[in-house]
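What the coordinates show
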Amino acid sequence: MQPLVSIIMPAYNCSNTIKKSIESILAQSYTNWELLITDDNSTDDTISIITTYARKDKRIKYWIMKDNSGAGVARNNSISYAEGRFIAFLDSDDLWHPEKLSRQILFMLENNHALTYTAYQKIDNNNNLKSVISPQSKVNYSELLKSNIIGCLTAVYDASLLGKVYMPTIRKRQDMALWLLILQKINFAWGLNEVLAYYREGHDSLSSNKIKILKTQWEFYRKYLQFNIFQSIYYFSFYVVKAIKKHHKN
């Protein structure tokens, strides 16, 4: 029998994209899943769309936050209700390949991996395919500090091996913080080099946003991880170099 997979989805004012995200889950060849959506107090038609799908499929469950608290808090609310052995993540504007769960869960079961990730492809707002992000085969704690190579939309962890692990309640970099927490418990996260997810690009190409991203990463080292100035410069330099290489590839 297929182990249950709990799919964690935060939602906020995403009425233009959440239908396709949910449909990509409904299209999975792997059928033993539950989709746990926490709406972060949306003001558009998002909640109406979620309730429509939940009425049609009992595997879809949802909660509505009283206050807008950020994606990390919304994800943690869903994790708290998760009943599955495996915890997977998909944001409300991204998509999965129909074989995503089948391929990745088999990869984890065959190798007894506690945390895995896959390759993914970028798409634009018109669903046009763009560049492919192919991950390295494995990553440890110190390597992940240099660059978050784990795409949140591709990540799955095994709660039977790790217990439930929650995202730190910070506004930015919650996913990277979660992978680091898990990598303090295990030696490596393992990559499956198959494109099994599709990441929707917004307007991250704007220079102002790139500066904000760098500032956020610096604050992640200094404030969240509480690294000293020399540690922060060391890891931040790797992060910048990898970001530049990534930009030129795209």
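If you're wondering where the values come from, they're calculated on a predicted model, not measured in any experiment.

Definitions and limits used
Residues numbered from 1 in each chain as written. Predicted model: local features only at pLDDT ≥ 70, side-chain atom pairs only at ≥ 80, totals over all residues. Heavy atoms only, no water. Core = buried A, V, L, I, M, F, W, Y, C linked by side-chain atoms within 4.5 Å. Buried < 20%, exposed > 50% of the residue type's maximum accessible area, 1.4 Å probe, protein only. Helix = DSSP H or I, 4+ residues; strand = E, 2+ residues; numbered from the N terminus. Contact = heavy atoms within 4.5 Å. Expected span 1.5 Å × (residues − 1). Arc of directions from axis to C-beta. Pairing = 2+ DSSP bridges. pLDDT = per-residue confidence, 0-100. Patch = residues over 30% accessible without salt bridge, like charges linked within 9 Å, V, L, I, M, F, W, Y side chains within 5 Å. Areas by Shrake-Rupley, 256 points an atom, 1.4 Å probe, with all protein chains shown as cover. Salt bridge = Lys/Arg side-chain N within 4 Å of Asp/Glu carboxyl O.

1. As for the nonpolar core
Counting residues in hydrophobic clusters, the biggest one holds 37 residues, and the most contacted among them are F89, I150, Y157 and W179. Elements with a contribution of two residues or more to this core: β4 (86–89), β6 (115–123), α5 (141–146), α6 (159–162), α7 (174–183), α8 (207–224) and α9 (229–249). With seven residues, the top contributor of residues to this core is α7. The residues touching I150, leaving out its near neighbours within four places in the chain, are L115, Y117, V139, L144, A155, W179 and A189.

2. Remarks on α7
With nine of ten residues buried, α7 is to be regarded as a mostly interior element. All of the buried residues in α7 are Q174, D175, M176, A177, L178, W179, L180, I182 and L183.

3. Remarks on helix α4 (residues 100–111)
Given a rise of 1.5 Å per residue, twelve residues ought to cover 16 Å, and the 17 Å separating the end C-alpha atoms of α4 matches this to within 8%. All of the buried residues in α4 are K100, L101, Q104, I105, F107 and M108. End-on view of α4: buried residues confined to an arc of 155°, all on one side of the axis. Of the residues flanking the end of α4, it is N112, one or two places downstream, whose phi is positive at about 55°.

4. So, the pairing of β6
Summarising burial for β6: nine of the nine residues are buried, a large majority. In the sheet, β6 pairs with strand β9 (residues 156–158) via two bridges, with the strands oriented antiparallel. Note on β9: the bridge partner recorded for L115 is Y157. In this structure, β6 lies alongside strand β7 (residues 129–133), joined through three bridges in antiparallel fashion. In the sheet register, Q121 faces β7, and the bridge partner there is V132. With antiparallel pairing between neighbouring strands as the criterion, β6 and β7 make up a hairpin whose turn holds five residues, including N127 at a positive phi of roughly 65°.

5. Let's talk about the confidence of the model for the protein
Within the protein, residue pLDDT values average 94, and 96% of them lie at 70 or more. Segment residues 203–207: pLDDT under 50, and five contacts once partners within four positions in sequence are set aside and those in other chains are kept.

6. Quick look at the side chain of S232
Mapped onto the fold, S232 is located in helix α9. Non-local contacts of S232, meaning those with residues more than four positions away in its chain, are made with W218, Y221, R222 and F227.

7. Description of a nonpolar patch on the surface
Where nonpolar side chains cluster on the molecular surface, the patch consists of I229, F230 and I233 and spans about 320 Å² of accessible area. With respect to the helices, strands and loops of the structure, I233 is situated in helix α9. I233 sits in the partly exposed class, given a relative accessible area of 46%.

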